[in-house]
Amino acid sequence: MPGVDTLGVRARSSPARVAVASSVGNAVEMYDFLIYGTASAVVFGPLFFPTGDPLIGLLLAFASFGAGFLARPLGGVVIGHYGDRLGRRAMLVLTLGATGICTALIGLLPTYAAIGLWAPAALVTLRVAQGFFLGGETAGAVLMAVEHAPPHRHGWYGGWVFLGSPTGYFLSTGAFALSAAISGDSFHTWGWRIPFLLSVVLVAIGLYVRLRLGESPEFERTRTEQGVARRPVVEVLRTSWRVVLLGGGVYLGFNAFIFVLATFLIGYGKQELGLPPSVMLNGGLIGSAGQIVAILVFAWLSDRVGRLPVMLGGGLFITVYAFPLFWLLETRSEPVVLVAMAVGFVGSGAVFGPLAAYLAELFAARVRYSGLSLGLQAGAVAGGGLSPFIATALLGLDRGASWPISLYLVVLAAVTVACLVKLGEPRHRSQRRQDLGGTTSVA
């Protein structure tokens, strides 16, 4: 039947429908991935990594959080390979279902008190599996949205995908706040498990939405006209390895900033500032809600004035705000803390909003899944995966002073700005590809 694929789903979906579906699926995956970060800051230390020193327990918990990021490049390579050969949609269904299973199993794990060292071993194993599948998910969701969109709306529709991140954070933080209120004194016994088990319901919704999408028309056209790459990862590294590294650098500073803001500050507020966990959780909720709006505004703006000026503004904001953020937090005033966190989330949206379109436009469609996955996951590991652990370790340099953490964020933000300057505006990359040694195309 014309216009219908083998699953009975329309082979062509509207850009708006694809963007919303990609955002919903990405929100569920980010929920799965981010609740681990919240749990690391709140409960995993005493339950799975009990030590005599709470700081050491927190470090171990954040180290396990980072283990998920270490698996993401491998997932990006493997799933990116099949995404460039078999199609975007099949990989998105696989990654969503597998990540949800891992998350639900974490919610069923016995703790260290019940089975000893097997508990942290099982926790880390499931976290690594989570990271592997998420490593191939984000690029696929981005490409489904961007490749269905008209060229002059890449920024707008691509931005919808990354709404999944603050939405997932909002849902994960809200789920923990709600489960803490419901379970009360039993939170450390069974209440912490609720957000993980809730993933089953969210994944079912996400799968329903994604299964109703058609394949990317640009992938179908490229497969028909050029054929698929036999070894897309090898091809993209041979032709565009500098672009992969620079794309990862763009993501680096933003990712470090946002994971310090969303994950590290929960434990920092409790242990160093003496604030109730609810203050930092509420700051995250308000901030993520503001970031949802900011992503859409900056994504829309990037279609009109260009990706580069908008994202450079965001990179400079992160650079400048790293020190004032902690100065404001150290006032220990609840309203000031909430505003400080909200400003951080909103301002960083200038990088996040246009990011999907920016990175997708750097690579030719034939190897775009692999190139985008490698760039994203390189920045995610060096930035988001290690930043909570590094920030916690930096607290010990000067008796709990925050300046080493701020300096760390400034350095990584400077990397983001430098990589943006080197790459320039992706719509003009065909004129500059000889400078970077990469074969790129404007989508």
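Refer to the structure presented above.
The model shown is predicted, which means the values in this text are computed figures rather than measured ones. (Residues numbered from 1 in each chain as written. Predicted model: local features only at pLDDT ≥ 70, side-chain atom pairs only at ≥ 80, totals over all residues. Heavy atoms only, no water.)

Trainee: Help me understand the pattern of salt bridges in this model?
Mentor: For side chains of opposite charge, pairing can occur when their charged atoms come near one another. Using the criterion set out here, one finds seven salt bridges in the structure. With a closest N to O distance of 3.0 Å, R88 and D84 form a salt bridge. One exposure class covers both R88 and D84, and it is buried. For R368, the salt bridge goes to E147, with nearest N and O atoms at 3.0 Å. With R368 in helix α17 (residues 368-385) and E147 in helix α6 (residues 118-148), the pair connects residues that are 221 residues apart, well separated along the chain. Take E147: its relative accessible area is 5%, and that puts it in the buried class. (Salt bridge = Lys/Arg side-chain N within 4 Å of Asp/Glu carboxyl O. Buried < 20%, exposed > 50% of the residue type's maximum accessible area, 1.4 Å probe, protein only. Helix = DSSP H or I, 4+ residues; strand = E, 2+ residues; numbered from the N terminus.)

Trainee: So what exactly am I meant to see when it comes to helix α15 (residues 307-329) here?
Mentor: Residues three or four positions apart in an α-helix share a direction because the helix packs 3.6 residues into each turn. Along its 23 residues, α15 runs 31 Å from first to last C-alpha, staying within 8% of the 33 Å computed at 1.5 Å per residue. Taking the largest bend as the criterion, α15 deviates by roughly 45°, centred on Y321, and proline P324 comes between one and four positions later. For α15, the elements touching its buried residues are α7 (154-161), α13 (232-271), α14 (277-305), α16 (334-360) and α19 (403-423). (Expected span 1.5 Å × (residues − 1). Bend = angle between axes of the 7 residues up to and from the residue. Contact = heavy atoms within 4.5 Å.)

Trainee: What am I meant to see in the side chain of S348 here?
Mentor: You can see S348 is positioned in helix α16. The class of S348 is buried, set by a relative accessible area of 0%. Not counting the four nearest positions on each side in its chain, S348 is found in contact with F254, F257, I258, Q291, F317 and I318.

Trainee: Hey, could you run me through the environment of Y169 in this one?
Mentor: Within the element layout of this structure, Y169 appears in helix α8 (residues 164-183). With 29 residues separating them along the chain, Y169 and L198 place their C-alpha atoms 14 Å apart. Once residues lying within four places of it in the same chain are set aside, the contact partners of Y169 are L34, A262, I266, G284, L285, S288 and F345.

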